[in-house]
Amino acid sequence: MQNKINLLNLNQKALDQFFNELDEKSFRTKQLMKWIYKDHVFDFDQMLNLSKKLREKLNEIACIEFPEVVSKNHALDGVIKWVIKTGGENHIEMVYIPEKERGTLCISSQVGCALACTFCSTGYQGFNRNLSTAEMIAQVLIANLHLNPVGKRISNVVFMGMGEPMLNEEAVYSTCDLLLDDLSFGLSRRRVTISSSGVVPALERMSERVPVSLAISLHAPNDALRDELVPINKKYPIEALMKACDVYLNAGTQERHILFEYVMLKGVNDSSEHAQQLAKLLKGVSAKVNLIPFNPFPQSDYQTSSVRAIDNFQDILSSKGIRTMTRRTRGEDVDAACGQLAGKVQDKTKRSDARRN
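First things first, this report covers the structure right here in the doc. Here the structure is a predicted model, which is why all the values come from computation and not from measurement. (Residues numbered from 1 in each chain as written. Predicted model: local features only at pLDDT ≥ 70, side-chain atom pairs only at ≥ 80, totals over all residues. Heavy atoms only, no water.)

### Some words on the overall build of the chain
The cut-off we apply is this: The way it works is that DSSP assigns letters per residue, a run of H or I at least four long becomes a helix, a run of E at least two long becomes a strand, and they are numbered from the N terminus. In this description the radius of gyration comes from C-alpha coordinates, and the expected globular size is given by 2.2 Å times residues to the power 0.38. The contact criterion used is simple: two residues touch if any of their non-hydrogen atoms lie within 4.5 Å. All accessibility values rest on the Shrake-Rupley procedure with a 1.4 Å probe; residue burial counts only the protein chains present in the view.
For the chain, the count of helices and strands is 11 helices and 14 strands. For a compact globule of 357 residues, the expected C-alpha radius of gyration is about 21 Å, and the chain comes in at 21 Å, within 12% of that figure. With the principal axes as the frame, the chain shows a C-alpha extent of 70 × 45 × 40 Å. Partitioning the contacts of the chain with sequence separation of at least 6, the portion at a separation of at least 24 is 66%. Here the chain displays about 15700 Å² of accessible surface, and carbon together with sulfur accounts for 47% of that area.

The structure is reproduced here in structure tokens:
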């Protein structure tokens, strides 16, 4: 199976090319995608509207292969966390967060992360490799296979798990193509979100390549502090990042907004002065700020801000016309808050309370 093509890696355009090379008509793409993404049939021999000859050929050269699910844990508040093995001793995690009007799936894009944000457990693990489109889209299929039989659905998908999505561009873009495609998941553009720490050139390319929602892991209102918390800022400082955000906001014809994520660190980035600086930075930007309580982990000396500090920070932003929200912690009993995922990387200790944001 090692040399076979995993068809989960192929979006509609790539599948069209695949069948064209087999001298098959393009309608085979629609048939195959329906079997996989609508009917959840992954055995070619059961795809009876494909000719016997084609089914035999597919069995020879292709496969529909999933990574191994190591565990699935249910939290008391309905959150579900999966641990998925991606080869060797490498693991990733994904989380389903049910709410009254929607169900959000948080997926990973890399095994580990190279950005080394100082408040992030995943950053302490280091980087192992990028995930393929198949490994990312399989996360959504695995969740669907569990959720659909119990009447639950995925309405939103966010790339907020392990890794920096914009350092795995092409595979993430292809995954987005499948998430948006009516032949597969058919999600709307605003219900698919890529979260980035600020890889500026990639963000500029994303503006035209995939018209999905954007979240920026900001965490500081000035370069000196952000250099410390989010080291990629030394390469792409806030001014360059905001210009890339402007490119995104003005691309295409549909109105766009950006969610700025801001993890609240006690005595580090949560003062009234920081709030004033952030309000000035975002003045006139079509955006919302998500204030996120920090989840401590053993390697970190940071502590989460007090409720009073978070409320004061939010009040200052609101008084300046900046839309805000405060993320409430979900799935604490299974260490599964969205955007706080970590996984085992080679022989390093696996933890589940990281924040990659």
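### A few points about the environment of Glu99
Of note, Glu99 is situated in the loop between β5 (91-98) and β6 (103-107). It is 24 Å that separates the C-alpha atoms of Glu99 and Asp182, two residues lying 83 residues apart in sequence.

### What to know about a negative patch on the surface
For clarity, the threshold we go by: Within this analysis, patches are made of residues with over 30% relative accessible area and no salt bridge. Like charges are joined at 9 Å or less; nonpolar side chains (Val, Leu, Ile, Met, Phe, Trp, Tyr) at 5 Å or less. One side-chain nitrogen of Lys or Arg within 4 Å of one carboxyl oxygen of Asp or Glu is enough to make a salt bridge. Positive charges come from Lys and Arg alone, negative charges from Asp and Glu alone, with His and the N- and C-terminal ends not counted. To locate a charge, the coordinates of NZ of Lys, CZ of Arg, CG of Asp or CD of Glu are taken.
Taken together, the side chains of Asp43, Asp45, Glu56 and Glu60 define an acidic patch exposed on the protein surface. Structurally, the position occupied by Glu60 is in helix α3 (residues 52-61).

### Description of the packing of helix α7 (residues 200-209) against helix α9 (residues 238-249)
Short version of the rule: Between N-to-C directions, angles cover 0 to 180 degrees, with each direction set by a line fitted to C-alpha atoms, over the stretch in contact for helices. Note on terminology: angles under 35 degrees are roughly parallel, angles over 145 are roughly antiparallel, angles of 65 to 115 are roughly perpendicular, and the others are oblique. Polar here means any residue other than Ala, Val, Leu, Ile, Met, Phe, Trp, Tyr, Cys and Pro, which are nonpolar, and Asp, Glu, Lys and Arg, which are charged; Gly is therefore polar.
Where α7 meets α9, the axes come as close as 8 Å, and the angle between the chain directions of the two elements is 5°. In terms of axis orientation, α7 runs roughly parallel to α9. Contacts between α7 and α9 pair Val200, Leu203, Glu204, Met206 and Ser207 from the former with Ala240, Leu241, Ala244, Val247 and Tyr248 from the latter. Residues belonging to the contact of α7 with α9 are distributed by class as follows: eight nonpolar, one polar and one charged.

### Side note on the nonpolar core
What counts is decided by this rule: Think of a nonpolar core as a cluster: buried Ala, Val, Leu, Ile, Met, Phe, Trp, Tyr and Cys residues, connected wherever their side-chain atoms sit within 4.5 Å. The cut-offs for exposure are 20% and 50% of the maximum accessible area for each residue type, with area from a 1.4 Å probe on protein chains only; residues under the lower value are buried, those over the upper are exposed, and the others partly exposed.
Met206 and Phe260 are the most contacted members of the largest nonpolar core, which has 104 residues in total. If you tally residues by element for this core, the top one is helix α5 (residues 133-147), at nine residues. In this view, Phe260 contacts Ile216, Leu218, Met242, Cys245, Leu282, Val285, Ala287, Lys288, Val289 and Asn290; residues no more than four positions away in its chain are not counted. Counting residues in hydrophobic clusters, the runner-up holds nine residues, among them Val79, Val95, Met160 and Leu259.

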